[in-house]
Amino acid sequence: MFRSSRCISGPFGVRALRSLGQHMNHVHATVNGRQSTSAALKGHYSEITNRIVQAIESGATMADMPWHQVGNPIPSNVESGKQYRGINILSLWASSLKQGFSSGIWGTYKQWADLGCQVRKGERASPVVFWDSYTDDQSDSETTVQRTFCKRFSVFNSLQVEGYDPAPALELNQNHQIVAAEAFFLNIGADLRVGGDVAGYSKSGDFIRVPELKQFKRSEGYYSTIAHEHIHWSGHESRLSRDLSGRFGDASYAMEELIAELGAAFLCSDIGVTTSPRDDHAGYISSWLRVLKNDHRAIFYAASAAQKAVDYLKSVCEEDPVLVGSALVMATKKVFDISE
């Protein structure tokens, strides 16, 4: 079967997701470190899902999704410097789109205060969630129970605070981005066949096909399409063996496309390539919205699967660490003199 795209154009970790599925009866929610009820946990799901659904609906007529914004950086935490992952990337992108933020730096009220900054009065926080687990030794038996819990934190963008002086960001022009993208995908080593008029991934043949670069309006469209198809490629049974039929039934095809869309957006943002709306995905939007509205955990699942796919693609490149993740910038810097 050839999956055609028909176009020319603190982590929500996998371990935590697996633990969630195995120990759903022992899940708790916490808000700022305080344990809450299962109703609060459902509230966390609903809050973030509703924000993302609203962002999708606002751009549905043009197939313009919250992950299609120009210059969308992977959000990172101001204190640790670490990038957010999975559902938190998508949640913060939706917040940035709604409030017009161009900065990808976020932190809690306390984190900003510890840096001597002040969140402006009246600013609205954005939610992020983190998952963890602990072993609960049962006092009345020799058995232990692995309990998973969710922590919800409220964070503010750097543009919502006073007194923050960010370090200058290293900006790459289009040529630098192309070099970084080309190096990354060549290093993965997938069977990539260029030619024809249709982009897609053949699961039976285990190869990716994309039209030639000249057939795309912009080079970003070419590389974001390659990224999209590589996310599909990662799900092959010999790799991540991603099978959604049991989880989503008839909607599994559309949800696989959502995972590929999210994974491509995460990956392209890391590389510095802008993703663009795809006309062929307009037909999927109604399916995505239907699943997300009926199942408030679906977008969490999709974002986690997308993050796992991105992590896998990066791990394939581990033999050459300079090409992994944000280090792509440094790889590009060695090719072009962009130190000025």
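So, a few notes on the structure that sits alongside this text. (Residues numbered from 1 in each chain as written. Predicted model: local features only at pLDDT ≥ 70, side-chain atom pairs only at ≥ 80, totals over all residues. Heavy atoms only, no water.)

**Quick word on the overall build of the protein chain**
When helices and strands are counted, the protein chain shows 11 helices and 12 strands. Relative to its full complement of 340 residues, the protein chain shows a buried share of 51%. On the protein chain, roughly 16,300 Å² of surface is accessible, and the fraction owed to carbon and sulfur atoms is 48%. (Helix = DSSP H or I, 4+ residues; strand = E, 2+ residues; numbered from the N terminus. Buried < 20%, exposed > 50% of the residue type's maximum accessible area, 1.4 Å probe, protein only. Areas by Shrake-Rupley, 256 points an atom, 1.4 Å probe, with all protein chains shown as cover.)

**Things to note about the environment of Q146**
Position of Q146 among the secondary structure elements: in strand β8 (residues 144-157). Counting along the chain gives 11 residues from Q146 to T135, while the straight-line C-alpha distance between them is 4.6 Å.

**So, the packing of helix α3 (residues 87-99) against helix α8 (residues 252-271)**
Each pair of packed helices gets described by two things: the angle between the helix axes and the distance between those axes. Interhelical geometry of α3 versus α8 gives an angle of 80° and a closest axis separation of 11 Å. Between α3 and α8, the crossing angle belongs to the class labelled roughly perpendicular. Judged by residue contacts, I89, L90 and W93 of α3 engage L262, A265, F266 and S269 from α8. By residue class, the composition of the contact of α3 with α8 is six nonpolar, one polar and no charged. (Axes fitted to C-alpha atoms, helices over the stretch in contact; angles between N-to-C directions. Parallel < 35°, antiparallel > 145°, perpendicular 65-115°, else oblique. Contact = heavy atoms within 4.5 Å. Nonpolar A, V, L, I, M, F, W, Y, C, P; charged D, E, K, R; others polar.)

**Notes on the pattern of salt bridges**
Enumeration according to the criterion identifies 12 salt bridges in this entry. Of the charged contacts, one joins E57 and K293 as a salt bridge, the two residues approaching to 2.7 Å between their closest N and O atoms. Taken together, the residues span a long stretch of sequence, with E57 in helix α2 (residues 38-58) and K293 in helix α9 (residues 282-294) at a distance of 236 residues. Judged by its relative accessible area of 37%, E57 is partly exposed. According to the relative accessible area criterion, K293 is partly exposed, its value standing at 45%. (Salt bridge = Lys/Arg side-chain N within 4 Å of Asp/Glu carboxyl O.)

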